[in-house]
Amino acid sequence: MTDFFKSVFAVLAARGLQAVIVAIIVGIVSFAMMQALPGDAAYRIAAGRYGYDMMDAAAAEAVRVELGLNNPWFVQLGDWLGQLVQFDLGNSLVYGTPVVDEIATQLGYSLLLAGGAIVTSLAIALPVGIVTGLNPNGVLDRVTMGLSVFLRAVPAFALGIVLVLIFAVKLKLFPVAGFRGFENLILPSFTLGIGLAAVSNRVVRDAVVDAMTSDWHMFARTKGLSARFALIRHVLRNASLPVVTYVGVQLAYLIEGVVIVETVFAWPGIGHALVHAIFGRDIAMVQGTALTLGLLYVALNLCVDLACRGIDPRERAL
């Protein structure tokens with residue numbers, strides 16, 4: 001048990017250091033990218049505040065002075081890093097509301113969508129991967145391989161548009177966009193989940209094949225264990241380790257896909273807010289949302305590390 005707690009502490013320390021590095025790099029990179037965009041940020045922010053009809057050069061100049069946009073870039077970046085040290089992400093340059101409050105509202109919707117995508121992915125990948133892993137190189141295995149390659153090659157936004165046209169516009173089974181209830185979650189979750197399942201079902205399949213052909217599985221069968229008991233007690237548990245590990249790899253795709261899919265479905269999440277903040281030149285909002293996505297990736301990888309140590313005792317000694 002002591003070794004387990006030492007292992008957990010080592011993981012927490014490593015991920016904590018990674019979170020600090022991610023926060024600094026994401027803040028600097030997102031700030032630099034916003035500074036590199038063409039056009040006048042003050043005009044965009046003034047237009048977001050007052051509308052394009054009410055915006056003029058005087059309003060843009062007032063915004064520039066108020067927000068310190070005429071200060072050198074290193075002064076603006078230094079001010080943001082100083083606020084970050086105090087755990088303050090500042091206020092939205094367009095709306096004037098605290099960035100933390102905006103993110104707190106939007107993050108819940110993004111996590112709901114991500115959870116729906118993971119559930120959809122596992123609901124498809126686990127049974128398909130287990131069945132094809134128990135019968136490798138069969139007809140079903142070859143068919144699912146072809147489907148996996150095809151679905152993985154389809155961009156998330158293209159798949160989302162096709163699903164909207166078929167199930168929302170044509171068949172009118174689900175809402176087109178927005179969020180009013182559970183029915184709005186189905187199409188975007190499936191859009192993300194099917195892309196994840198296209199790869200993860202092959203990971204499950206390969207893990208099951210490796211477990212079924214391993215020496216320890218052969219020994220379990222030689223001892224007289226039934227095929228069903230050996231599958232449940234030995235194969236599935238050992239096969240779950242690479243599957244759980246690969247979930248961490250999928251998280252990068254999921255975080256990237258959330259931004260795209262939220263835009264397609266007008267989902268009120270953090271990805272949708274990030275796109276609007278970029279168009280509105282809301283630098284504080286861009287840095288805050290990008291930072292949240294980066295730290296979310298670190299936190300989810302921490303959960304994967306801890307899960308691997310819970311499944312495989314050998315991981316605790318590392």
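Residues numbered from 1 in each chain as written. Predicted model: local features only at pLDDT ≥ 70, side-chain atom pairs only at ≥ 80, totals over all residues. Heavy atoms only, no water.

Chemist: Looking at this model, I keep getting lost on the confidence of the model for the protein. Mind explaining?
Modeler: Parts of the prediction with low pLDDT should not have their coordinates interpreted in detail. The predicted model of the protein has a mean per-residue pLDDT of 82, with 89% of residues at 70 or higher. Taking the mean pLDDT of every element in the protein, the minimum, 67, falls on helix α9 (residues 215-222) and the maximum, 90, on helix α6 (residues 139-153). (pLDDT = per-residue confidence, 0-100. Helix = DSSP H or I, 4+ residues; strand = E, 2+ residues; numbered from the N terminus.)

Chemist: Looking at this model, I keep getting lost on the side chain of T120. Mind explaining?
Modeler: On the secondary structure map, T120 appears in helix α5 (residues 99-134). The class of T120 is buried, set by a relative accessible area of 18%. Engagement of the side chain of T120 in a polar contact is seen with the backbone oxygen of G116, the distance being 2.8 Å. Excluding residues that lie within four positions of it along the chain, T120 makes contacts with S189, F190 and G193. (Buried < 20%, exposed > 50% of the residue type's maximum accessible area, 1.4 Å probe, protein only. Polar contact = N/O pair within 3.5 Å; in protein donor to acceptor, adjacent residues only side chain to side chain. Contact = heavy atoms within 4.5 Å.)

Chemist: What exactly am I supposed to notice about helix α2 (residues 41-50) here?
Modeler: The periodicity of an α-helix, 3.6 residues per turn, causes residues three or four positions apart to be oriented the same way. For α2, every residue scored as buried is listed here: A41, A42, I45, A46 and A47. Buried residues in α2 make contact with α3 (57-67). Its side-chain oxygen at 3.0 Å from the backbone nitrogen of A42, D40 defines the N-terminal cap of α2. One or two residues past the end of α2 sits G51, with phi positive at roughly 90 degrees.

Chemist: Would you take a moment to explain the nonpolar core for this structure?
Modeler: Core analysis: the largest hydrophobic core is formed by 33 residues, its most contacted members being I45, L84, L89, V99, I103 and L291. Sorting the residues of this core by element identifies α1 (2-36), α2, α3, α4 (73-85), α5, α11 (270-279) and α12 (283-311) as the ones contributing at least two each. Considering each element in turn, this core owes the most residues, 8 residues, to α12. (Core = buried A, V, L, I, M, F, W, Y, C linked by side-chain atoms within 4.5 Å.)

Chemist: Sorry if this is basic, but what is going on with unusual backbone geometry here?
Modeler: The bulk of non-glycine residues show a negative phi, and the bulk of peptide bonds are trans. The backbone of K172 shows a phi angle near 55 degrees, a positive value even though the residue is not glycine. With respect to the element layout, K172 can be found in the loop between α7 (156-170) and α8 (183-212). You can call K172 exposed: its relative accessible area is 64%. Its identity as a non-glycine residue notwithstanding, R281 has a phi of 60 degrees, on the positive side. Mapping R281 onto the fold places it in the loop between α11 and α12. According to the relative accessible area criterion, R281 is buried, its value standing at 6%.

Chemist: Would you mind going over the pattern of salt bridges with me for this structure?
Modeler: Two side chains with opposite charge may pair up if their charged atoms get near one another. Here the structure, examined in full by the defined rule, presents 6 salt bridges. The residue D40 makes a salt bridge to R64 at a minimum N-O spacing of 3.0 Å. Residue D40 is located in the loop between α1 and α2, and its partner R64 is located in helix α3; the two are separated by 24 residues in the primary sequence. The class for D40 is partly exposed, based on a relative accessible area of 28%. Among the residues examined, R64 registers a relative accessible area of 18% and is labelled buried. D141 is paired through a salt bridge with R205; the nearest N and O atoms lie 2.8 Å apart. Pair noted here: D141 is in helix α6 and R205 is in helix α8, with a separation of 64 residues, a long-range link. Residue class for D141 comes out buried when judged on its relative accessible area of 4%. For R205, a relative accessible area of 12% gives the class buried. Where salt bridges share partners, they join D141, R202, R205 and D206 into one cluster. (Salt bridge = Lys/Arg side-chain N within 4 Å of Asp/Glu carboxyl O.)

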